[in-house]
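# Overview (structure and organization)
Listed below are the residues making up each chain.
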Amino acid sequence: MITDIIAKLPMRQKGLTLNFYKKLGFTVFGNEFDNYLMLQRDNLQLHFFEFKNLVPDENYGQIYIRTTSIEDLFNTFIENKVAIHPNGHLAEKIWGQKEFSILDPDSNLITFGETLN
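Now for a quick tour of the structure. Numbers given for residues are sequential positions, taken from 1 along each chain in its written order. This being a predicted model, a pLDDT of at least 70 is required before a residue's local features are given, and a value of 80 or more before pairs of side-chain atoms are given or counted; all residues contribute to the totals for chains, interfaces and linings. As a rule here, side-chain values come from all non-hydrogen atoms in the structure, and water together with hydrogens is ignored.

## Comments concerning the overall build of the protein chain
- Helix numbers and strand numbers start at the N terminus; a helix is a DSSP run of H or I with at least 4 residues, a strand a run of E with at least 2. Secondary structure summary: the protein chain contains 2 helices and 8 strands in total.
- Throughout, radius of gyration means the C-alpha value; the globule benchmark is 2.2 Å times the number of residues raised to the power 0.38. The globule rule puts the C-alpha radius of gyration for 117 residues at 13 Å, and the 14 Å found for the protein chain is close to it.
- Each principal axis of the C-alpha atoms in the protein chain carries an extent, and together these give about 45 × 35 × 25 Å.
- Burial here depends on accessible area, computed with a 1.4 Å probe over protein chains only, as a share of the maximum for the residue type. Under 20% is buried, over 50% is exposed, and the range in between is partly exposed. By the burial criterion, 38% of the 117 residues in the protein chain qualify as buried.
- The contact criterion used is simple: two residues touch if any of their non-hydrogen atoms lie within 4.5 Å. At a minimum sequence separation of 6, the contacts of the protein chain that also span at least 24 residues come to 51%.
- A 1.4 Å probe and the Shrake-Rupley method give the accessible areas. Residues count as covered only by the protein chains that appear here. Of the roughly 7500 Å² that the protein chain leaves accessible, carbon and sulfur atoms contribute 50%.
- Residues scored as charged are limited to Lys and Arg (positive) and Asp and Glu (negative), so that His and the chain ends carry no count. Every charge is mapped to an atom, namely NZ of Lys, CZ of Arg, CG of Asp or CD of Glu. Distance between charge centres in the protein chain, computed from 11 positive and 15 negative side chains, equals 3 Å.

Take a look at the structure:
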């Protein structure tokens with residue numbers, strides 16, 4: 001039986017990644033490892049593996065996170081000075097989602113979406 005999916009994304013510097021995701025409300029989950037980072041917010045976990053030679057402009061890492069109260073989440077990120085992706089401002093999409101996107105320090109694209117009623 002499959003129970004969960006956990007995204008694993010590349011990171012160049014553990015401290016930089018941790019500080020960025022703390023602004024998004026994530027905390028460290030589980031054990032500490034030198035070259036690996038596990039973060040959690042609510043029921044969502046994200047894992048990061050060290051990739052020191054990653055070229056952010058060549059990174060195509062992406063995840064889509066479903067949420068509720070997307071406007072509150074968006075406003076919290078703005079208050080925490082999280083940069084919104086230039087092409088990913090909060091908007092209603094024709095596929096029935098309200099979405100916005102951000103890039104983390106390693107250019108992993110993180111899109112947040114809430115189903116429209």
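## Comments concerning the packing of aromatic side chains
- Pairing of aromatic rings covers Phe, Tyr and Trp, the last counted by its six-membered ring, and requires centre-to-centre distances within 6.5 Å; plane angles under 30 degrees mean stacked, over 60 mean edge-to-face, and any other angle means tilted. Considering all chains together, one arrives at 7 aromatic pairs under this definition.
- Aromatic pair Tyr21 and Phe26: ring centres 5.7 Å apart, planes at 85°, arrangement edge-to-face.
- Taking the relative accessible area as the measure of exposure, Phe26 reaches 5% and is therefore buried.
- Relative to Phe100, the ring of Phe74 has its centre 5.1 Å away and its plane inclined at 75°; by these criteria the two rings are edge-to-face.

## Some words on helix H2 (residues 70-79)
- Every buried residue of H2 is listed here: Ile70, Leu73, Phe74 and Phe77. Projected down its long axis, H2 shows its buried positions confined to an angular sector of 100°, all on one face. Residues of H2 that are exposed and point more than 90 degrees away from the buried face comprise Asp72 and Glu79.
- One or two residues past the end of H2 sits Lys81, with phi positive at roughly 60°. Note that the arc is computed from the directions linking the helix axis to the C-beta atoms.

## Here's the deal with a nonpolar patch on the surface
- There is a patch of nonpolar side chains on the surface, built from Tyr64, Ile94 and Trp95 and spanning about 420 Å² of accessible area.
- As for its position among the elements, Trp95 is in the loop between strand E6 (91-92) and strand E7 (97-103).
- Overall, the relative accessible area of 55% leaves Trp95 in the exposed class. For patches, a residue must show more than 30% relative accessible area and have no salt bridge; joins then use 9 Å for like charges and 5 Å for nonpolar side chains, namely Val, Leu, Ile, Met, Phe, Trp and Tyr. Should a side-chain nitrogen of Lys or Arg be within 4 Å of a carboxyl oxygen of Asp or Glu, the pair is scored as a salt bridge.

## Focus: the sheet that holds strand E4 (residues 44-50)
- Here a strand pair is declared whenever DSSP counts at least two bridges between the two strands. Ordered in space as E1-E4-E3-E2, the 4 strands form an open sheet in which the pairing is mixed. Strands with a single pairing partner mark the edges of an open sheet, and in this sheet they are strand E1 (7-11) and strand E2 (27-28).
- Judged from the 6 bridges that link them, strand E3 (residues 36-41) and E4 form a sheet pairing that is antiparallel. Its bridge partner being in E4, Met38 is matched across the sheet by His47.
- A fitted line through C-alpha atoms represents every axis, and for helices the fit uses only the stretch in contact; the resulting angles, taken between N-to-C directions, go from 0 to 180 degrees. The sheet strands contacting helix H1 (residues 14-23) are E1, E2, E3 and E4, and the helix crosses E3 at an angle near 5°.

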